[in-house]
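Residues per chain, in single letters:
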Amino acid sequence: MIDEEPNGHQAHVLLVDDDERIRGLLQKFLMRNGYLITAARDADHARRLLAGLDFDMAILDVMMPGDNGYILCAEIREARDMPILMLTAKGETSDRITGLEAGADDYLSKPFEPKELLLRLKAILRRAPAGSGGAVPKTLHLGTARYDLDRGELHRGQHPVRLTATETTLMSVLAATPHEPVSRADLVEKLGRDGDISGERAVDVQITRLRRKLEHDPKQPRYLQTVRGAGYMLVPD
């Protein structure tokens, strides 16, 4: 069975891991489950592939010779809005947060079952921004920015603002009930995070990143507000 994105094409995934055995096993497993996989052994190899190919998602190992996964993740995020999943042998909350701050959408701690990776991959691609349709848009105005609810697109003036898959999900959830707070617990659930302190901290990191794209002054947010004891609230004009 071919695993496709919502727009109907086979998902092309960049897999970066310096462990040849793990890289080969994951590549075969994901290909058997319908994905097109291109594998790289390190960050430099991945950069060469990224220069010539289009990808729908990246799976990055953190600990690699040369530039680590965090560095590569940040570089990808600067240039592309595709989802990124980090693989890490470290399970500490601080390491997970480092990956999220670098631009990752999710993380998976080693060792893990391949089935769990597959489920995470599917969930992330489901959250990825869908292609533009022909529906009449519903728009929220946020100062000089505007958010199209139907298309999940953010623009500032005439210029599109790239949102990651996780940021798109956050905007969709918050925009569904403008001027009403959404609890951190609800956001954790919507994003498929673990329902513990690390899951809530991950949501906080994503909110901070989203504010940088929405707000004139992210440290004094006007449109994406914190409601003490209640969660986060989107406040359009």
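Calculation rules
Residues numbered from 1 in each chain as written. Predicted model: local features only at pLDDT ≥ 70, side-chain atom pairs only at ≥ 80, totals over all residues. Heavy atoms only, no water. Helix = DSSP H or I, 4+ residues; strand = E, 2+ residues; numbered from the N terminus. Polar contact = N/O pair within 3.5 Å; in protein donor to acceptor, adjacent residues only side chain to side chain. Core = buried A, V, L, I, M, F, W, Y, C linked by side-chain atoms within 4.5 Å. Buried < 20%, exposed > 50% of the residue type's maximum accessible area, 1.4 Å probe, protein only. Contact = heavy atoms within 4.5 Å. Salt bridge = Lys/Arg side-chain N within 4 Å of Asp/Glu carboxyl O. 1 Å grid on protein atoms, 1.4 Å probe; cavity = no way out; pocket = protein on both sides within 12 Å on 5 of 7 lines; lining within 4 Å. Points joined across faces, edges and corners; volume = space filled by probe spheres on them. Nonpolar A, V, L, I, M, F, W, Y, C, P; charged D, E, K, R; others polar. Domains from an automatic or database assignment. Pairing = 2+ DSSP bridges. Axes fitted to C-alpha atoms, helices over the stretch in contact; angles between N-to-C directions.

As annotated in an unreviewed UniProt entry, the protein chain is Two-component system, OmpR family, phosphate regulon response regulator OmpR from Jannaschia faecimaris.

## What about the side chain of Asp 106?
In this fold, Asp 106 is placed in strand S5 (residues 106-109). A distance of 3.4 Å separates polar atoms of two side chains, one belonging to Asp 106 and the other to Arg 120.

## Considerations on the nonpolar core
Leu 14, Val 16, Leu 60, Ile 76, Ile 84 and Met 86 are the most contacted members of the largest nonpolar core, which has 26 residues in total. Elements represented by at least two residues in this core include exactly strand S1 (12-16), helix H2 (43-52), strand S3 (57-61), helix H3 (69-79), strand S4 (84-88), helix H4 (93-102) and helix H8 (197-214). Excluding residues within four positions of it along the chain, Leu 14 makes contact with Thr 38, Ala 40, Ala 46, Leu 49, Leu 50, Phe 55, Met 57, Ala 58 and Ile 59. Tyr 147, Ala 175, Leu 210 and Leu 234 belong to the second largest nonpolar core, which has 23 residues in total.

## Quick word on the pattern of salt bridges
Here the idea is simple: oppositely charged side chains can pair when their charged atoms come close. Counted according to the given criterion, the structure contains 13 salt bridges. Across the pair Arg 47 and Glu 75 runs a salt bridge whose closest N-O atoms are separated by 2.7 Å. You can see Arg 47 sitting in helix H2 and its partner Glu 75 sitting in helix H3, a full 28 residues away along the chain. Residues joined by salt bridges that share partners form a network here, namely Asp 44, Arg 47, Asp 67 and Glu 75.

## Here we look at the layout of surface pockets
Estimated volume of the second largest pocket: approximately 300 Å³. The wall of the second largest pocket is formed by 15 residues, among which Arg 77, Glu 78, Glu 167, Arg 209 and Lys 213 lie closest to the centre. Going through the elements one at a time, H3, H4 and H8 are the ones with two or more residues in the lining of the second largest pocket. When its residues are assigned to classes, the lining of the second largest pocket shows three nonpolar, two polar and ten charged. Inspection of the lining of the second largest pocket shows a minimum of three residues originating in each of domain 1 (12-127) and domain 2 (139-234).

## Remarks on the sheet that holds strand S9 (residues 159-161)
The four strands are arranged S6-S7-S8-S9 in an open sheet whose pairing can be described as antiparallel. Two strands in the sheet have a free side with no partner beyond their single neighbour: strand S6 (139-142) and S9. Strand-to-strand twist in this sheet, taken as the mean axis angle between neighbours without regard to direction, amounts to 30°. In this sheet, strand S8 (residues 153-156) lies alongside strand S7 (residues 145-148) in antiparallel orientation, the contact comprising four bridges. Residue Ala 145 lies in a different strand from S8, and its bridge partner there is Arg 156. Helix H6 (residues 165-175) rests against S6 and S7 of the sheet, and its axis sits at about 85° to S7.

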